[in-house]
Amino acid sequence: MLAVIFSPVASDGSRIFLELGNLSDILRQVSIIGIIALAMTFVILTGGIDLSVGSILALSTSLTAMWLVRSSNVADYGAHIAAAIALALAASAAAGLINGVVIASLEIQPFVVTLASMIGVRGLAKWLTSNANIDIGFGRDVAASFAETFRNKSIVIGSYAALSALLWFVLSRTVFGRHVRAIGDNERAGRYAGLPIRRVKIWVYALCGLSAGVAGVLYAAENHQGNPNAGVGYELDAIAAAVIGGTSLAGGAGSIPGTIVGTLTIGVLTNMLRLNNIDSNVEMMVKAVIIILAVAVQRRSSND
Amino acid sequence: MRPILFAENLRKHYGGVHALRNGCFDLRAGEIHALIGENGAGKSTLARIIAGATRPDGGRILIDGQEVSFAGPVDAQRRGVAIVFQELDLFPHLSVAENVVIGNARFRSGPFAGARAMEAFCGPYLQLSGLSVNPRRLAGDLSVAQSQLLALARALSMEPRVLLMDEPTSALFDDAAEHLFAVIGGLKSRGMAIVYVSHKMEEIFRISDRITVLRDGATIGTSATAETNLNEIVAMMAGRSLEEVARHAATTRGAVVLSVSGLTTAKLTDVSFDLHRGEVLGVAGLVGAGRTELGKALFGIDRLSAGTIRLNGGVIRPRSPRQAIAAGIGLVPEDRKGEGLMMRMSVLDNSVMAVQSRLHGSGLIRRQRELDAVKPVLNGLSLRFGSYGSPVGNLSGGNQQKVLLARWLLADPQVLFLDDPTRGIDIGAKQDVYRIIRELAAMGKGIIFVSSELPELLRCSDRILVMKDGRVAAIVDASGASQEAIIAAATLVRPTAPQDHDAR
C-alpha cells in the first residue's frame, strides 16, 4: 500500500522498486534496526526507554570480531563461530540485565540509567578494541566464513522474522507479556495486584540488550568488521519505528505488528528516496515529517 | 423563569456504549440543581459536556437563550461555566496559589508571576471556599477534604455563573461535608447556579432546590425537591421501588483468622485487633485517621516499625503486596483509577490480574480457562459491559469497581480489606457490594470494611473499629452502636489521653 502511496515520488525508480530483489533488500536493510525495535517495544510498553542499544550493538560487533580473528588456524569453524556469537550475546544480555537491575532496584528513571550505560558501554567497546575497527576480511579463514554465512539475505531476514514471531507471541499470549502491558498501563495498580514488577522490568531490559546483541552480530557480518563506533543513533531509529507503529512513550499502548509496520515504513521510504537519488540530508527531513504525521494520524483516530 | 442554561437531546457514545442517549436539562440562577442516577446513567457525562470537557455527538446547549458549542473547558469558563471534577485534578507539586491561578485566563501577569500577586489573586477565593491554609503549601500535602476545597476555590476563581460539582462529598466525612454545604449555600445566595451530582440521597434532599433524574443515558424527569420524596426519586432512578435491606444478621463467628498487635508504621501507632472467620469488621474514622494506612500496613506497602501480624496463628511480615497476597490477604484500594485498574486493558485482563500464576502455570495464556473462571464471578456481580475484550476505561465507575471486586473474588484471599468500596457508586451497585460482603463472610472469610458512610458500616459490620490519629479509638459492637457514639469516638479527644498534643 505504501508503495502505491509513494509511487509518484518513486516514478523514476518504481520499476526497480517493485523487483523482488529490491523488496528483499529493503527487508534485509531494516532487519538490524527492526530487531532492536521489537525489544524496544517491550521496554516502551512498560513506560521505560533504552538509549543504550546502539552502544550495546557496538560492543557486540566488537566482541564478535575480536573473538573471530583471535587465532587464524582453527580446526572447527562451527564451534569457533558459535563461541564468538555466544560471547557477544552474553555480554549484550549482561549489559541489558545491569540496566534492568539498576532501574528496578535503585528506582532511577530508565532514561538516566540507559543514558549512562549508552556512554559507559560505548567506552567499554572502544577500550576493548583500542578504538580501532577490527577487520574480518574476505579470505578463506573462519572469520570470513562467519561473515559470508551471516550476511546471507535469508539468514538476516529469517532472524528478523523469527524474532518477530517469537516476541509477538510472548507479548500477546503469555503472562509475562500481559505483565509488561499492565505495568505500562498502571504500575501502581500492578503493584497492588501483586505483579512481580521488578522482575518483569529486569527481564525486559535484558531482552533489549540481548536483541541489540543479535543485531550486533548481524552488523559485524554485514560490514565485515567489528566497529566500536557502530550503531550511533540506532536507539533513536528503533524508538522512531516503535512510535510510528503506534507505541505510546507513556507506556501501556503498542504492539509488535505495529512496530514492524513502523520499521517497514521507514525502510520503504528510505529505499524510494535513494532509488530516486535524493540527497540523504533531505531523506532525514522527510523522515522527521513522517514521524510526526504518523503519530498525529494515530492520535486523531484514537480520540474518536 | 428563563433558564440560565438549557440543554436538550445531548448524546455521547464511547465505543459501542451509549453513555448518554437523550440528556436534557435546564438550570436557573440561584438554585442548587441535583443530578442523580445509577451507575452509568450518564450523570458525569452530562456534567462534563455542559462544562466543555467532553464533546457531545449531538444535541444542543443554550446559555441565556444563545446556542453555544464549547471547544474545551477554557471556552466554557469564558462563558461562565466551571466544574469541580469527581477525580480531583490538582497539581501536587505546585503550591495552593499556583493551583488556583494556573490556566486561569482571569489572572493576568507578565511571564514572571510573582508569589505575592498570585496570593493576592487567590486570597478571596480561598476564603469563599472556606479553605484556610497557607497558599504557599504544596497541594500534594493537603488532605482529601482540603484538596476538595482547593478544587472548589480554583473553579470559583473563574467567576462562574454556573458551577458544576461532580460528587464533591464522596470522599468526605460528615464534618467536612457539613462545611462544604455551608459554602455551597453561600454561593447560591450570591445568585450562582449550582449543578450538584451526587449519590447521597440525604444530602440531595437537604440542599437541593430541584432534582433531575437520569436513567440509562436519558433524562427521566425533573422535580422540585419540596414536592417529591425519596421513594419517588428512587423509583425514577431504578424503574423500581427501593427495597429496604435489613441489617446483616450476625453470622456465627469462627476462629481468629487475623490477629494484629502493636502495629506501628509512620502513620499508625500501636494498632491491635482480632478478626474472626465469617466476621465483617467495619473501620470508621475521619479522612486521615489511618484507615487506608491500616490496609497499606497489612498489605506490605508501608513498612512496619513495630508490631506483629498473625494469619491463622502464624506470624507473617509481608514486604510487598505480592507477599501479602501469597500469604492470603487481599486489598481493594480506595483509589480504583490510580491503584486499582489498568484502564486501557480489557475487562478480562483486569479480572484475572491477581490469579494468573494459578491459572497458567506454564506462562501461556489459556483464554478459555480464563473465561471459565471469570464468567460466573462477573455474572454474580451483575456487571454490565460490552465484551470481555473491551477496555475497563469505557465502563462507568460502579462497573469498574465490580471488575476490581471480581479480581479479588477470583483471588480468594482469607482476609479481604475493602477500602471504601462504595465510594462514588450508586445505590444499586452499593447493594451488590453489601451482598458480596455478606456472601464472603458466610463463606468464612475475614472482611475488613472501610467506609465513610456510617449507616452502611452499621448495617454491614459485626463490629466497628474506630480510628483516630493513627490509633484505635474504640472497637464497638455494631448491633448496639449508634452513629453518634462512633462520631464521638472518631472526633473527640478522649479524657484518658489529655497529653495528646497532635498539632492536627
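So, how was this worked out
Residues numbered from 1 in each chain as written. Chains lettered and ligands numbered in written order. Predicted model: local features only at pLDDT ≥ 70, side-chain atom pairs only at ≥ 80, totals over all residues. Heavy atoms only, no water. Helix = DSSP H or I, 4+ residues; strand = E, 2+ residues; numbered from the N terminus. Rg over C-alpha atoms; globule rule 2.2 N^0.38 Å. Buried < 20%, exposed > 50% of the residue type's maximum accessible area, 1.4 Å probe, protein only. Areas by Shrake-Rupley, 256 points an atom, 1.4 Å probe, with all protein chains shown as cover. Lys, Arg positive; Asp, Glu negative; His and termini not counted. Charge placed at Lys NZ, Arg CZ, Asp CG, Glu CD. Contact = heavy atoms within 4.5 Å. Pairing = 2+ DSSP bridges. pLDDT = per-residue confidence, 0-100. Buried area = accessible area lost by both parts, 1.4 Å probe. Salt bridge = Lys/Arg side-chain N within 4 Å of Asp/Glu carboxyl O. Polar contact = N/O pair within 3.5 Å; in protein donor to acceptor, adjacent residues only side chain to side chain. Nonpolar A, V, L, I, M, F, W, Y, C, P; charged D, E, K, R; others polar. Phe/Tyr/Trp six-rings, centres within 6.5 Å; stacked < 30°, edge-to-face > 60°. Lys NZ or Arg CZ within 6 Å of the ring centre and 35° of its normal. Axes fitted to C-alpha atoms, helices over the stretch in contact; angles between N-to-C directions.

Participant: What should I look at first to understand the overall build of chain A in this one?
Facilitator: A count of helical and extended segments in chain A gives 14 helices and two strands. Taken over C-alpha atoms, the radius of gyration comes to 20 Å for chain A, in line with the 19 Å a tight globule of 304 residues would show. In terms of principal-axis extent, the alpha carbons of chain A reach across some 60 × 55 × 30 Å. Across the 304 residues of chain A, 51% fall into the buried class. Accessible surface, chain A: about 13,400 Å² in total, of which carbon and sulfur atoms supply 64%. Averaging the locations of the 20 positively and 17 negatively charged side chains of chain A gives two centres separated by 9 Å.

Participant: Would you mind showing me how to read the overall build of chain B here?
Facilitator: In terms of regular secondary structure, chain B is built from 18 helices and 20 strands. Radius of gyration (C-alpha) of chain B: 23 Å, near the 23 Å computed for a compact globule of 504 residues. With the principal axes as the frame, chain B shows a C-alpha extent of 70 × 60 × 50 Å. The buried share of chain B, reckoned over its 504 residues, is 55%. Across chain B, contacts joining residues at least 24 apart in sequence account for 67% of those joining residues at least 6 apart. As displayed, chain B has an accessible area near 21,000 Å², and 51% of this comes from carbon and sulfur atoms. Of the charged side chains in chain B, 58 are positive and 52 negative, and the gap between their average positions amounts to 5 Å.

Participant: I keep staring at the pairing of strand 6 (residues 81-84) of chain B and nothing clicks. Help me out?
Facilitator: Each regular strand carries side chains that alternate between the two faces of the sheet. Residue and element names in this part refer to chain B. Taking every second residue as pointing to the same face, both faces of strand 6 are buried, with V81 and I83 on one and A82 and V84 on the other. Where strand 6 lies against strand 7 (residues 162-166), four bridges are found, and the strand directions are parallel. Across the sheet, the residue bridging to V84 is M165, located in strand 7.

Participant: So what exactly am I meant to see when it comes to the confidence of the model for chain A here?
Facilitator: In regions of low pLDDT, the predicted coordinates are not meant to be interpreted in detail. Across chain A, the average pLDDT comes to 89, with 92% of residues at or above 70. Taken together, the stretch residues 1-5 of chain A has pLDDT below 50 and engages in three contacts with residues farther than four places along the chain or on a different chain.

Participant: Which parts of the structure should I look at to understand the interface of chain A and chain B?
Facilitator: Accessible area lost upon the coming together of the parts is a frequently used measure of interface size. Contact with chain A, which involves 25 residues of that partner, is made by 30 residues of chain B. When chain A packs against chain B, the two sides together hide about 2,200 Å² of surface, and 52% of this comes from carbon and sulfur. Among the residues of chain A in contact with chain B, R178(A), D185(A) and Y192(A) are the three that bury the most area, contributing 36% of the side total. Viewed at the interface, chain B and chain A are joined by four salt bridges. Of the charged contacts, one joins R181(A) and D349(B) as a salt bridge, the two residues approaching to 3.7 Å between their closest N and O atoms. Connecting chain A to chain B are 16 residue pairs in polar contact (both at pLDDT 80 or more). Where the side of chain A that touches chain B is concerned, the elements lending two or more residues are helix 8 (153-173), helix 9 (175-185) and helix 10 (187-192) of chain A. In terms of residue count, the dominant contributor to the side of chain A that touches chain B is helix 9 of chain A (seven residues). Class assignment of the residues belonging to the side of chain A that touches chain B gives a composition of nine nonpolar, nine polar and seven charged.

Participant: Looking at this model, I keep getting lost on the packing of aromatic side chains. Mind explaining?
Facilitator: Each aromatic ring pair is specified by the distance between its two centres and by the angle formed by the two planes. Within this structure, the stated rule accounts for five aromatic pairs over all chains. For the pair Y219(A) and Y234(A), a centre-to-centre distance of 6.4 Å together with 65° between the ring planes defines the contact as edge-to-face. Here Y219(A) is found in helix 11 (residues 197-223), whereas its partner Y234(A) is found in helix 12 (residues 234-244), with 15 residues between them in sequence. By relative accessible area, Y219(A) is classed as buried at 11%. Between F299(B) and W408(B), the ring centres sit 6.1 Å apart and the planes meet at 75°, which makes this aromatic pair edge-to-face. Within this pair, whereas F299(B) is found in the loop between helix 9 (291-298) and strand 14 (306-311), its partner W408(B) is found in helix 15 (residues 397-411), the two being separated by 109 residues in sequence. Each member of the pair, F299(B) as well as W408(B), is classed as buried. Each residue in the set Y192(A), F299(B) and W408(B) is aromatic and connected to the rest through ring pairs, giving one cluster. In this structure, R70(A) is placed above the aromatic ring of W67(A), and the distance from its NZ or CZ to the ring centre is 4.0 Å.

Participant: What is the right way to look at the sheet that holds strand 19 (residues 463-468) of chain B in this model?
Facilitator: In sheet architecture, strand pairing relies on hydrogen bonds along the backbone and comes in two forms, parallel and antiparallel. Residues and elements named next belong to chain B. Pairing in this open sheet of six strands is mixed, and the strands run 16-17-18-13-19-20 from one edge to the other. Every interior strand has two partners, whereas the edge strands, strand 16 (329-332) and strand 20 (471-477), have only one. Taken pair by pair, the neighbouring strands of this sheet meet at an average axis angle of 20°, ignoring direction. Note: strand 13 (residues 280-285) against strand 18 (residues 446-450), four bridges, orientation parallel. Bridge assignment links V280 to a residue of strand 18, and that residue is I447. Most of the contacts of helix 9 go to strand 17 (residues 415-419), to which it runs at about 145°, and overall it touches strand 13, strand 16, strand 17, strand 18 and strand 19. Relative to the sheet, helix 15 contacts strand 16 and strand 17, its axis offset from that of strand 16 by approximately 175°.

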